[in-house]
Amino acid sequence: MKKAEKKLKRLNYLILFLSIFFSFLIIEIILSFLSSPNKEIISRKIRLREWQPSINHYFTPDNNYIKRSENLIQKSYKFKVSEEGYIYPSKIYKQPDKTLLFLGGSTTECMYVEEENRFPYLVGKIIDSSGVKVNSFNSGKSGNNSMHSINIFLNKGLELKPDFVIMKHNINDLSILLYEKSYWNSNPSRSLIISEKVVPKYQYVNIKNMIQRVVPKTYKLLWQSKEKILKNSHKYDEFAHLRGKKIEFNSKIVLKNFSQNLVAFINIAKAYGVTPILMTQASRITPSPDTKIIESWRTEKDFGIKYEDYQRLYEKMNQIILKVGESNNVMVIDLASKVPKTSQYMYDAIHFNDFGSRYVSKLISKKIKKILYE
């Protein structure tokens, strides 16, 4: 008798559960018919292309990178970033006499240069040795173009109240204007605006998130291990959606857009009482490049742009920098003409090695000291 009662009790519980479940299911079906279709909620935000604040890493060039370069030592390079997203060393003094802000891409970032030899820091140190207390901030980030740097300058750089803001751009602007046709684009990593689908909070619960919350340190360790294992097995390609297609371009539009950005940067700096300085970009991109540069060059194969056409346009970009500086009464430090176009100074087409970085730091500090003394 007792067994029969237990079975009946279990059956009642099962019926109750199924009744509740199907009731909710029916309600959900009814509501889906009665409710209007939900549109996706999109969140848009300005992309601040800076280094992740407060990181302290060591970066090592991989085998493929070494093959494409010359005189680059394959070792770990220290890379530390401040809480404000500036590459160390930066804030040396609490009350400096002068503050410098460097804006640029990877050629300003100097990832594969020893920390004490990165020219933004070294320029400040050289000026500092003459008796002027200088803080020099390096906001260089690989892939940044002049529009990204203007954004950084406006949204965080001006907070430093810099005396001088020094910007060096060319090849990243050329790339984005050639491949995406505009600074305003939908490139997955270089667009100016990020559009993201807003996920309601009740949709956040999943197995992955539960593991992260229960064992966060273990999850982080496993994730980092996975990244180390797979770091050489996959590479992120920012222009994968365009690679293999023939790119058509208008040189006049490219140069006009770049020129407008330089003028905008100058006017913003002057409006806030900051002395703007432009720099041309040194490179080994010459009419008659050495074998290593030709071997590593892929614009014709990947995008259908001949090296000769790219080189001429690249050179015109540097000429635009000189022209805009002269017409706006702004100093231009012409690294393109001052730095020898050899592997002694640059380990690839555009990136300084330690020797090259020390060399340009002397050129830049000499020019800035000239303004200070005047």
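Definitions and limits used
Residues numbered from 1 in each chain as written. Predicted model: local features only at pLDDT ≥ 70, side-chain atom pairs only at ≥ 80, totals over all residues. Heavy atoms only, no water. Pairing = 2+ DSSP bridges. Helix = DSSP H or I, 4+ residues; strand = E, 2+ residues; numbered from the N terminus. Axes fitted to C-alpha atoms, helices over the stretch in contact; angles between N-to-C directions. Contact = heavy atoms within 4.5 Å. Buried < 20%, exposed > 50% of the residue type's maximum accessible area, 1.4 Å probe, protein only. Phe/Tyr/Trp six-rings, centres within 6.5 Å; stacked < 30°, edge-to-face > 60°. Lys NZ or Arg CZ within 6 Å of the ring centre and 35° of its normal.

Asker: Can you tell me about the sheet that holds strand E4 (residues 98-104), naming the residues and giving the values?
Answerer: Reading across the sheet, the five strands line up as E5-E4-E6-E8-E9 and stay open at both edges, with parallel pairing between neighbours. Single-partner strands in this sheet number two, and they are strand E5 (134-138) and strand E9 (331-333). Across the sheet, the axes of successive neighbouring strands diverge by a mean angle of 20°, strand direction being ignored. Pairing analysis gives five bridges linking E4 to strand E6 (residues 164-168), with the strands arranged parallel. Paired with Phe102 across the strands is Ile166, a residue of E6.

Asker: Can you tell me about the environment of Glu109, naming the residues and giving the values?
Answerer: Counting through the fold element by element, Glu109 comes out in helix H3 (residues 106-109). Each C-alpha atom of the pair Glu109 and Ser142 lies 6.9 Å from the other, and the pair is 33 residues apart in sequence. Among all residues touching Glu109, those that are not within four sequence positions of it are Trp51, Phe79, Ile87, Arg118, Asn138, Gly140, Lys141 and Ser142.

Asker: Go over the environment of Lys94, please, and point to the residues and values.
Answerer: Checked against the element boundaries, Lys94 lands in the loop between strand E3 (77-80) and E4. According to the relative accessible area criterion, Lys94 is exposed, its value standing at 81%. Linking Lys94 and Lys133, residues 39 residues apart in sequence, is a C-alpha distance of 9.9 Å.

Asker: Residues and numbers for unusual backbone geometry, please.
Answerer: For the peptide bond that leads from Tyr88 to Pro89, omega is -15°, which places it in the cis range. The topology assignment puts Pro89 in the loop between E3 and E4. For Ser54, which is not a glycine, the phi torsion comes out positive at approximately 65°. Relative to the assigned elements, Ser54 resides in the loop between strand E1 (42-46) and strand E2 (56-59).

Asker: Any chance you could break down the packing of aromatic side chains for me, citing the residues and the numbers?
Answerer: Applying the stated criterion across every chain yields a total of 19 aromatic pairs. Here Trp51 and Phe79 contribute two aromatic rings whose centre-to-centre distance is 4.7 Å and whose plane-to-plane angle is 55°, an arrangement assigned as tilted. One end of the pair, Trp51, is in the loop between E1 and E2; the other, Phe79, is in strand E3, and 28 residues separate them in sequence. Neither residue differs from the other here; Trp51 and Phe79 are each classed as buried. Taken together, the ring pairs connect Tyr65, Tyr77, Tyr112 and Tyr347 into an aromatic cluster. Between Lys80 and the ring centre of Tyr88, over which it is positioned, the NZ or CZ distance is 4.7 Å. Geometry around Trp51 places Lys141 over its ring, the cationic atom sitting 4.8 Å from the centre.

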